[in-house]
Amino acid sequence: MTSTAALGPRLPSPVQELTDERFERRGVRLLLKRDDLIHPALVGNKWRKLAPNLAAAAGRPVLTFGGAYSNHLRATAAAGRLLGLSAVGVVRGQELAGRPLNDSLARCAADGMRLHFVDRSTYRRKTEPETLAALLTAAGAPEAYVVPEGGSNAEAVRGCRALGEELDGAADVVAVACGTGGTLAGLAAGLGPGQRALGVPVLKGGFLAGDIRRLQERAFGGPRGTWSLDDRFHFGGYARVPAGLDRFAADFEHRHGLPVERLYVAKLLHALLTLTEEGAFPPGTALAAVITGRPFPEHP
């Protein structure tokens with residue numbers, strides 16, 4: 001099997017300091033951890049989470065899960081293409097099976113991923129052993145290596161620990177947008193003494209803290225690092241991008257020449273500006289934002 005290292009990831013990813021008067025007037029330095037530059041196809045935290053799972057798959061087909069706009073499905077499909085691995089994506093929503101593919105699923109199919117659509121009730125039960133076994137059989141991949149939705153498992157969390165290690169001593173607070181929590185769980189474990197991780201969930205529900213504790217338990221045997229969540233910035237839930245958030249992201253792009261991914265990164269940056277203006281970070285704080293992705297579809 002081809003190693004992911006042969007794909008030439010840019011690690012450690014670069015750290016970029018921005019000049020932004022909205023942060024500077026509060027005495028806060030804003031740094032960007034440019035994980036979006038790790039690899040052109042396997043972007044950001046997807047590289048960190050997928051690489052250890054692909055190694056564990058040891059050449060077997062890989063089966064994973066996601067919704068119709070899943071960044072994780074696209075990354076897994078790209079990894080399959082680049083490494084010559086068979087990839088199967090179980091997609092939430094049986095009703096999508098007879099419709100034209102959206103841009104995200106079309107990219108998955110173009111990269112060679114087989115798409116298997118399931119009804120939402122079955123999808124919710126996908127972690128139950130009997131349901132999972134039936135899904136593997138129905139998808140024609142009974143021996144596949146299973147990567148969970150969002151890619152967050154113990155292997156992924158240990159892979160994301162390197163993100164914290166790369167930022168050891170570089171910032172007081174390191175913030176990341178969270179979907180399933182695996183990146184934050186690993187990030188917090190890799191940070192040094194006196195540093196803390198801040199997670200900005202992009203889904204509603206308030207369930208993530210328990211999931212992160214369980215992920216750290218599975219990955220490390222217990223809690224690691226200092227971390228917290230702020231649940232105020234999901235803007236209505238996953239894939240919700242109200243006009244105000246879109247305007248904020250466009251303004252940030254104009255100010256800094258940085259393409260801002262809307263579903264995760266825009267919510268993270270908006271949260272950090274709001275928290276800064278609320279006085280959440282003392283003057284002198286070095287604040288690092290992890291840029292986990294790029295806009296999709298990408299435009300020249």
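Everything that follows concerns the structure shown earlier in this document.
Structure report, in brief. Bear in mind that the values here come from a model prediction, so they are computed numbers and not experimental data.

Let's talk about empty space enclosed by the protein
Here comes step 1: All chains considered together, the criterion is met by one cavity of 30 Å³ or more.
Here comes step 2: Its volume calculated, the largest cavity comes out at about 50 Å³.
Here comes step 3: Residue lining of the largest cavity: Cys178, Gly179, Pro201, Leu203, Gly205, Gly206, Phe207, Leu208 and Asp231, and that is the complete set.
Here comes step 4: Class assignment of the residues belonging to the lining of the largest cavity gives a composition of five nonpolar, three polar and one charged.

Examining the nonpolar core
Here comes step 1: Phe252, Leu269, Leu272, Phe281 and Leu287 are the most contacted members of the largest nonpolar core, which totals 32 residues.
Here comes step 2: Here the element with the most residues in this core is helix H11 (residues 265-277); it accounts for eight residues.
Here comes step 3: Those residues in contact with Phe252 that lie beyond four places of it in its chain are Leu18, Asp20, Arg22, Leu30, Gly257, Leu258, Val260 and Leu269.
Here comes step 4: In this structure, Leu31, Val157, Val174 and Val176 belong to the second largest nonpolar core, which totals 23 residues.

Re the pairing of strand E4 (residues 87-92)
Here comes step 1: Burial runs high along E4: five of the six residues are buried.
Here comes step 2: One ladder, built from five bridges, connects strand E3 (residues 62-66) with E4; its direction is parallel. Residue Phe65 lies in a different strand from E4, and its bridge partner there is Val90.
Here comes step 3: Each parallel crossover has a hand, and for E3 linked through helix H3 (residues 71-83) to E4 it is right-handed.
Here comes step 4: After leaving E4, the chain enters helix H4 (residues 103-110) and then returns to the sheet as strand E5 (residues 114-118), a path that is right-handed.

Digging into the packing of aromatic side chains
Here comes step 1: Overall, the coordinates contain three aromatic pairs when judged by the stated rule.
Here comes step 2: An angle of 80 degrees between the planes, with centres 6.3 Å apart, marks the rings of Phe65 and Tyr123 as edge-to-face. Separated by 58 residues along the polypeptide, Phe65 in strand E3 and Tyr123 in helix H5 (residues 120-124) bring together distant segments of the chain.
Here comes step 3: Note on Phe65: relative accessible area 3%, which makes it buried.
Here comes step 4: Measuring from centroid to centroid gives 5.8 Å for Tyr238 and Tyr264, while their planes differ by 65 degrees, and the two rings are edge-to-face. Taken together, the residues span a long stretch of sequence, with Tyr238 in the loop between strand E9 (227-229) and helix H10 (243-256) and Tyr264 in the loop between H10 and H11 at a distance of 26 residues.
Here comes step 5: One cation-aromatic arrangement involves Arg74 over Phe296; the distance from NZ or CZ to the ring centre is 3.7 Å.
Here comes step 6: We note Arg92 situated over the ring of Tyr123; from NZ or CZ to the ring centre the distance is 5.3 Å.

So, how was this worked out
Residues numbered from 1 in each chain as written. Predicted model: local features only at pLDDT ≥ 70, side-chain atom pairs only at ≥ 80, totals over all residues. Heavy atoms only, no water. 1 Å grid on protein atoms, 1.4 Å probe; cavity = no way out; pocket = protein on both sides within 12 Å on 5 of 7 lines; lining within 4 Å. Points joined across faces, edges and corners; volume = space filled by probe spheres on them. Nonpolar A, V, L, I, M, F, W, Y, C, P; charged D, E, K, R; others polar. Core = buried A, V, L, I, M, F, W, Y, C linked by side-chain atoms within 4.5 Å. Buried < 20%, exposed > 50% of the residue type's maximum accessible area, 1.4 Å probe, protein only. Helix = DSSP H or I, 4+ residues; strand = E, 2+ residues; numbered from the N terminus. Contact = heavy atoms within 4.5 Å. Pairing = 2+ DSSP bridges. Right-handed = clockwise from strand over helix to strand, strands pointing away. Phe/Tyr/Trp six-rings, centres within 6.5 Å; stacked < 30°, edge-to-face > 60°. Lys NZ or Arg CZ within 6 Å of the ring centre and 35° of its normal.

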